[in-house]
Amino acid sequence: MPRAILYDSTLCIGCKACEGACAERWGLPYDDKIAAEERISAHKLTAIETHGDRFSRRLCMNCVQPACASVCPVGALQKTTLGPVVYDAEKCMGCRYCMQACPFQVPSYEWSSRLPRMRKCDMCYARQSQGKLTACAEACPTGATKNGDRDELIAEAARRIAQKPGQYYNRIYGLKEVGGTSVLYLSAVPFEQIGLRTHVPQEPLPETTWRVLELLPDVVSTGSVLLGGIWWITNRREEVARQEGAPKHAGRPPGASKNTPRLEGAPSQPAREEGKHP
Amino acid sequence: MNLRLPKITFWRAVFAAILLSGLYATYLRVFYGLGGSTNLSDRFPWGIWIAFDVMCGVGLAAGGFTLVAIVHIFAIERYKPVLRPAILTAFLGYLLVVVGLLYDLGRPDRLWHPLVMWNPHSVMFEVAWCVTLYTTVLFLEFLPVVFEKFGLHKPMEWIHRISVPLMILGVLLSTLHQSSLGSLFLIVPEKLYPLWYSPILPLLFYVSAIAVGLAMTIFESWHSSRAFGRALELPLLASLARVLAVVLSVYLWIRILDLTHRQAWSLLLLNRSETWLFALEMALTLVPTVLLYQARVRMDPGKLYACAVMVVFGFIANRLNVGTTGLEAGSGTHYIPRWSEVAVTLSIVASGFAIFRLIAGYFPIFEAHSAEGAAAPRELEAKEEDPVSVG
Ligand code: SF4
Ligand code: SF4
Ligand code: SF4
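Structure report, in brief. Not measured: the values here are computed from a predicted model.

Parameters and conventions
By convention here, each chain's residues receive numbers from 1 onward along its written sequence. For this description, chains carry letters from A and ligands carry numbers from 1, given in the order in which they are written. Confidence filtering applies because this is a predicted model: local features only for residues at pLDDT of at least 70, side-chain atom pairs given and counted only at 80 or more, and all residues used for totals across whole chains, interfaces and linings. Values reported for side chains reflect all heavy atoms of the structure, with hydrogen atoms and water molecules removed beforehand. Remark: exposure states derive from per-residue accessible area (1.4 Å probe, protein chains only) relative to the maximum for the residue type, with buried under 20%, exposed over 50%, and partly exposed in between. Put simply, DSSP H or I for four residues or longer makes a helix, DSSP E for two residues or longer makes a strand, and each gets a number counted from the N terminus. Think of it this way: DSSP has to see at least two bridges between two strands before they count as a pair. Here the axes come from fitting lines to C-alpha atoms, over the contacting stretch only for helices, and the angles between their N-to-C directions go from 0 to 180 degrees. In what follows, roughly perpendicular refers to angles from 65 to 115 degrees, roughly parallel to angles under 35, roughly antiparallel to angles over 145, and oblique to any angle outside these ranges. In a left-handed crossing the near helix is turned counterclockwise from the far helix by less than a right angle, and in a right-handed crossing that turn is clockwise. Two residues qualify as a contact provided that any one of their heavy atoms is within 4.5 Å of a heavy atom in the partner residue. Ten residue types, Ala, Val, Leu, Ile, Met, Phe, Trp, Tyr, Cys and Pro, are classed as nonpolar, four, Asp, Glu, Lys and Arg, as charged, and the remainder, Gly among them, as polar. When charges are tallied, Lys and Arg are placed among the positive residues and Asp and Glu among the negative ones, while His and the ends of the chain are skipped. Only one rule defines a salt bridge in this text: a Lys or Arg side-chain nitrogen within 4 Å of an Asp or Glu carboxyl oxygen. In the analysis that follows, any N or O atom pair within 3.5 Å is treated as a polar contact, provided that within protein one partner can donate a hydrogen and the other can accept it, and provided that, for residues neighboring in sequence, both atoms belong to side chains. A helix's residues, less one, multiplied by 1.5 Å, set its expected span. Nearness here has a simple test: a residue counts as near a molecule or strand if at least one of its heavy atoms is within 4 Å of that partner.

### Overview of the pairing of strand 9 (residues 183–186) of chain A
Residue and element names in this part refer to chain A. The two faces of strand 9 match: V183 and Y185 on one face and L184 and L186 on the other face are all buried. Taken together, the 4 bridges between strand 1 (residues 3–8) and strand 9 define a ladder with parallel strand orientation. Bridge assignment links L6 to a residue of strand 9, and that residue is L184.

### Quick look at the packing of helix 6 (residues 123–149) of chain B against helix 7 (residues 153–161) of chain B
All names here are of chain B. Contact geometry of helix 6 with helix 7 gives a least axis separation of 9 Å together with a crossing angle of 155 degrees. Between helix 6 and helix 7, the crossing angle belongs to the class labelled roughly antiparallel. The element helix 6 and its partner helix 7 pack so that their crossing is left-handed. In this structure, helix 6 uses L140, L143, P144, F147 and E148 to contact helix 7, whose residues at the interface are P155, M156 and I159. Its residues assigned to classes, the contact of helix 6 with helix 7 comprises 7 nonpolar, no polar and 1 charged.

### Section: the sheet that holds strand 8 (residues 145–149) of chain A
All names here are of chain A. Taking strand neighbours across the sheet as the criterion, the 3 strands line up as 8-1-9 in an open arrangement whose pairing is mixed. The outermost strands of the open sheet, each flanked by one partner alone, are strand 8 and strand 9. Strand-to-strand, the axes of this sheet are offset by a mean angle of 25 degrees, without reference to chain direction. Across 5 bridges, strand 1 lies against strand 8 in antiparallel orientation.

### Points about unusual backbone geometry
Residues and elements named next belong to chain A. Even without being a glycine, R96 presents a positive backbone phi close to 65 degrees. Among the structural elements, R96 can be located in the loop between strand 5 (85–87) and helix 4 (97–101). Overall, the relative accessible area of 2% leaves R96 in the buried class. Of note in this structure, M123 is not a glycine but carries a positive phi near 50 degrees. Tracing the sequence through the fold places M123 in the loop between strand 7 (118–119) and helix 5 (125–129).

### Regarding the side chain of K191 of chain B
By the element assignment, K191 of chain B lies in the loop between helix 8 (163–183) and helix 9 (201–227). Although K191 of chain B lies buried, it forms no salt bridge, and the closest oppositely charged side chain, E190 of chain B, sits 5.3 Å away as judged by the N-O distance. Of the polar contacts made by the side chain of K191 of chain B, one reaches the backbone oxygen of M99 of chain A; its length is 3.4 Å. In this view, K191 of chain B contacts M99, Q100, A101, C102 and Q105 of chain A together with G326, L327, G330 and S331 of chain B; residues no more than four positions away in its chain are not counted.

### Quick notes on the pattern of salt bridges
If you walk through the whole model with that rule in mind, you get 20 salt bridges over all chains. The shortest N-O distance in the salt bridge between R84 of chain B and E148 of chain B comes to 2.7 Å. In this pair, R84 of chain B is assigned in helix 4 (residues 83–104) and E148 of chain B in helix 6, connecting sequence segments 64 residues apart. The burial state of R84 of chain B is the same as that of E148 of chain B; both residues are buried. The network of salt bridges with common partners includes D8, K146, E156 and R160 of chain A.

### Observations regarding helix 9 (residues 216–243) of chain A
An ideal rise of 1.5 Å per residue puts 40 Å on 28 residues; helix 9 of chain A measures up with 40 Å between its terminal C-alpha atoms. Within helix 9 of chain A, burial applies to G223, L227, T234, E238 and A241 of chain A. Those residues of helix 9 of chain A that are buried lie in contact with helix 3 (63–73) and helix 8 of chain B.

### Notes on the site of ligand 3
Residues and elements named next belong to chain A. Around ligand 3 sit 13 residues, and of these C22, W26, C121, C124 and C136 come closest. Of all the elements in the fold, those that place two or more residues in the shell around ligand 3 are helix 1 (17–26) and helix 6 (135–139). Of the residues assigned to the shell around ligand 3, the class counts are 9 nonpolar, 2 polar and 2 charged.

And the structure:
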């Protein structure tokens, strides 16, 4: 029973209580200046965006099959069975591949720090694993941000659309996007009008690289047999040539390389001596 | 960088200026972090330190594995004279890639983490292991040169005994590594501009790396022949250029098929910067391909060199397009490297040239080469060697 967040843009009044609660939860500074920033960053892990008279919320989507966790070379990012995608700063080497890979441009970096970390919302993993609600959902005065079981929230979202079809754009964002996300959106208008990325693939992104990575054992085994075989054939030919006392490369243009086969590109003795003569 | 000419002073001054600016950029990187030394941002997390220092660096080092495969596995021995320089280039190239990574990683002190903390689902994990293992292999492949210099016969024998598996391992690791740099970008289908995003990126990266490895071999033979006053192994390089022309044709053909199957050609009708960058990249690949099919181009040192340079630049354009410019539109941002990023990159390249020169002057890198040149210079000049006359 993975957990999720349902954000209903039609209920959001832009009070930014979620932002304040999130900052408090992480111990990050929060004042009017930071509240005015409409973009998530290393010091602001969720942000309310204004799109005309509508609001939208940005936070990590905590994808069902997260690209960030699949690309992290050291496994600093992990998808938990509870739903949140959690981050271990002690492992992170700062390659920033998670940032490049995330289809929602969520992970932020502490660019000016000398010992930087990646920062992102982890859907309040610590709170949720103790049975509490996420800080943002708890703070939301209108119920625009709701935290609960993913399947139940999907059912609820469908119910809201069915009850007031005129008020909602007839789709739930996050159901299919990149194979499903833990943050679900409802909106009155098509999602691109509230700043959501609608051209993301419908398939889970980790598939794109796994399709190639899973070939690795095959490439290595076939490659060793093939290269070893070619080496054996070509060297066998040289052996035969040497035993028969025949010149190795009959019919070559005069003056071409006459190196005896030796490994590692070591220059052959005769060639060296020849070189000493003017 | 020729010691006997007066213009050397000029080049030395340039070299010193580059290193000084690189030093200052290093200071900025260490004390003010990535934010104080780069123009990277949350929306554009990778810049030229990845796209050039790592992606081009690894590609330009591809001559090492290509020539090891040609000379030792396919046993086409005539290319032996250019084998050692190619191995040295590859070894230095990989060391410099690691230096580039130390600049780029947010936590360079954790460079070793992927070796103990595994995530086999990550392409970057594969890249990390390949860099580590292949740098070791290259070191071992270069060791015989050191042993020869100091007349150490025992370790020489020892290394000869393991050399066959070592060579095969090296070729395999390179195959994985060159292609995995392309696989890195498979995860960004909606970000990378469709002229470059392709499910066969790993294959394209692999084939183009082979091509640029050959081009780099021609490039550095030309330079070292000037720096060390040796005769240019023209017939040998010309026959290598023949191989290069074929590899480039294969690359272009795969590229055309790929764009056709993905129905991406119509994108070229759009007047966008991506279109022009793509055209530039293609021109830099297509022109040398056509030229290298002509014997008079291959047998003319200047023209041959110009072709090799074009191939190298076409390759760099491709990697920069995939690694930076092709990602700008999809990331909704612009990226122009800060001066300090460029300074570090130039310093790394300049140090590469300088170290190569130092080593080549001290160790027997070109010896086999010049010996043969002296053996029969006249015939060699007259006739291009046949690349496939063996057996
Ligand atoms: S939204 Fe991005 S950072 Fe968040 S889980 Fe998905 S891929 Fe990872
Ligand atoms: S920046 Fe850190 S968390 Fe992100 S992919 Fe790299 S190591 Fe993993
Ligand atoms: S779930 Fe927690 S971390 Fe994420 S935005 Fe809400 S309060 Fe912040």
